[in-house]
Amino acid sequence: MGDAKTFSSAESTIACNNGVPFHDGDIIVRSTTAQVDFRIHKAFLAVASPFFRDMFSLPQNEAPSRSASVEDMKDGLPIVPFEEDPQTLGTLIQLCYPRWMLLDCKPIFPTIERVLPVLIAAKKYAMDGVEREVRAVLISPRFVDPDPLRVFALAVKHGMYEEAKICARHTLRTPVLAKQYIPELENITAGAYYHLQDYHIRCGAVAAGVVQDVRWIINETSVWFDCSGCRGGSPPVMISGDKRKWVAKWWADFMMEAGNLLRDCPSGVVVGVDSHVVQMAMEKASTCVACRSRALREIKEFCAIFSAQVDKMVDGVEFSYLAPNGIA
Ligand SMILES: [Zn+2]
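The following paragraphs examine the structure supplied in this document.

Each value, and the rule that gives it
Residues numbered from 1 in each chain as written. Predicted model: local features only at pLDDT ≥ 70, side-chain atom pairs only at ≥ 80, totals over all residues. Heavy atoms only, no water. Donors = N, O, S within 2.8 Å, 3.2 Å for Na, K, Ca; no water. Tetrahedral: all angles 85-135°; square planar, octahedral: opposite > 155°, others 65-115°. Helix = DSSP H or I, 4+ residues; strand = E, 2+ residues; numbered from the N terminus. Buried < 20%, exposed > 50% of the residue type's maximum accessible area, 1.4 Å probe, protein only. Polar contact = N/O pair within 3.5 Å; in protein donor to acceptor, adjacent residues only side chain to side chain. Phe/Tyr/Trp six-rings, centres within 6.5 Å; stacked < 30°, edge-to-face > 60°. Contact = heavy atoms within 4.5 Å. Salt bridge = Lys/Arg side-chain N within 4 Å of Asp/Glu carboxyl O.

### Section: the coordination of the zinc ion
Looking at the metal site, the zinc ion is ligated by Cys-227 (SG), Cys-230 (SG), Cys-288 (SG) and Cys-291 (SG), spaced 2.2 to 2.3 Å from it. One can describe the donor arrangement at the zinc ion as tetrahedral, given that its four donor atoms subtend angles of 101 to 117 degrees at the metal. All donors of the zinc ion belong to a single chain; written as a sequence motif, their spacing is C-x2-C-x57-C-x2-C. You can see Cys-230 sitting in the loop between α11 (223-226) and β6 (237-239) and its partner Cys-288 sitting in the loop between α13 (276-285) and α14 (289-315), a full 58 residues away along the chain. An identical accessibility class is assigned to Cys-230 and Cys-288; each is buried.

Written as structure tokens, this is what we have:
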């Protein structure tokens, strides 16, 4: 048992390139999948995990049975075998250590695939603090922003319902009802996906309602209210203070298009100033001499308020997913 590679700061490239203090300590933890050892201070494992606290408080031959137990010695130190691969084990240990000891070496999660094994291991060894930290990584913008449906499916699969709610909110930027397929959907129930679709439909109705009732519009001096040359084809709209205002046709078209988009993708980013629907509106506005000079500046200000109004209204819609075991 003593011929495994020891994971030291000098030769480590697995978990961190900046030098992990895993060459010093009073216990060896071994990844049995690759026979890689980490020499660490067992006190940090004991603080992070009641499982290891209990194990280390027992005489060596009475260690509690789970995958990890003290089995052998190396360099006069007990070896605790782990089923986890070296990358997972290295990251898990890093997360148990105080940050000041790791200097610039932060736990590395290059891909979402690296997050889940650490999360599963943290649960397995009852490392509650580590688990909380890894759950926060899972729903961090770098994973959720590019692929919210995927992270949603992973969160549901692993029973993380609060994280699933957060991911569901992020999926609103994409049309879930457009039959988007990802392999991770195979791992969740039809019930979970039904609730996500239902959430989209309810949010879509609320977001489209922001266009239908524009009494949230306070600024009545925008060019689309002022330009008499662009009016036509649309009835006046009622804005804040119950004032009826005639509007430019290009702006009425823009709002109708925005409403259609928001029904499918009920998120404020859909009507951001860089969005396609705004660019189309600016092309139409540019054909009017009166609107041309003011439209872009004023639509930028308007879209910031419009977008925030959509998000505010959607925030009020609850994602009512109930897990099979009844945990909301
Ligand atoms: Zn005009």
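Don't stop here, the text continues.
### Structural notes on the side chain of Asp-37
Along the chain, the position of Asp-37 falls in strand β3 (residues 36-40). Polar side-chain contacts of Asp-37 include one of 2.6 Å to the side chain of Arg-30. Within the structure, Asp-37 has its side chain in polar contact with the side chain of Lys-74 (distance 2.8 Å).

### A closer look at the packing of aromatic side chains
Summed over all chains, the structure comprises 19 aromatic pairs. Measuring from ring centre to ring centre gives 5.9 Å for Phe-51 and Tyr-125, while their planes differ by 35 degrees; the resulting arrangement is tilted. Taken together, the positions of Phe-51 in helix α2 (residues 50-57) and Tyr-125 in the loop between α5 (112-124) and α6 (128-138) put the pair 74 residues apart, joining distant regions of the chain. Of the two residues, Phe-51 and Tyr-125, both sit in the buried class. Plain terms: the ring middles of Phe-254 and Phe-306 are 6.3 Å apart, the flat faces sit at 80 degrees to each other, and that makes the pair edge-to-face. Of this pair, Phe-254 sits in helix α12 (residues 249-264) while Phe-306 sits in helix α14; the two residues are 52 residues apart in sequence, bridging distant segments of the chain. You'll find Phe-254 and Phe-306 in the same group, each marked buried. Site record: aromatic cluster; members linked through ring pairs are Trp-216, Trp-224, Phe-225, Trp-250, Trp-251, Phe-254, Phe-302 and Phe-306.

### Some thoughts on the side chain of Ser-267
Here Ser-267 is to be found in the loop between α12 and α13. Apart from residues no more than four positions distant in its own chain, Ser-267 is found in contact with Leu-172, Arg-173, Leu-262, Val-310 and Asp-311.

### Considerations on the environment of Asn-187
The residue Asn-187 is located in the loop between α9 (161-171) and α10 (190-212) in this model. Looking at Asn-187, the relative accessible area reads 43%, which means it is partly exposed. Here the alpha-carbon distance between Asn-187 and Val-156, two residues 31 residues apart in the chain, equals 8.7 Å.

### A short note on the pattern of salt bridges
Here the structure, examined in full by the defined rule, presents 23 salt bridges. Between Asp-85 and Arg-114 there is a salt bridge, with the nearest N and O atoms lying 3.2 Å from each other. Here Arg-114 lies in helix α5 and Asp-85 lies in the loop between β5 (77-82) and α3 (86-96), a separation of 29 residues in the sequence. What makes Asp-85 partly exposed here is its relative accessible area of 24%. Its relative accessible area of 22% is what places Arg-114 among the partly exposed residues. Because the salt bridges share partners, they merge into one network encompassing Arg-30, Asp-37 and Lys-74.

### Observations regarding unusual backbone geometry
One non-glycine residue, Asp-75, adopts positive backbone phi at about 55 degrees. Along the polypeptide, Asp-75 turns up in the loop between β4 (72-74) and β5. We note that Ala-126 has phi near 55 degrees; this positive angle belongs to a residue other than glycine. Looking at where Ala-126 falls in the secondary structure, it is placed in the loop between α5 and α6.

### Observations regarding helix α8 (residues 148-157)
The element α8 is extensively covered by neighbouring structure, given that nine of its 10 residues are classed as buried. By the burial criterion, the buried members of α8 are Pro-148, Leu-149, Arg-150, Val-151, Phe-152, Ala-153, Leu-154, Ala-155 and Val-156. In this structure, the buried residues of α8 make contact with α5, α6, α7 (141-144), α9 and α10. In the segment just after α8, Gly-159 is the residue with positive phi, at about 70 degrees.

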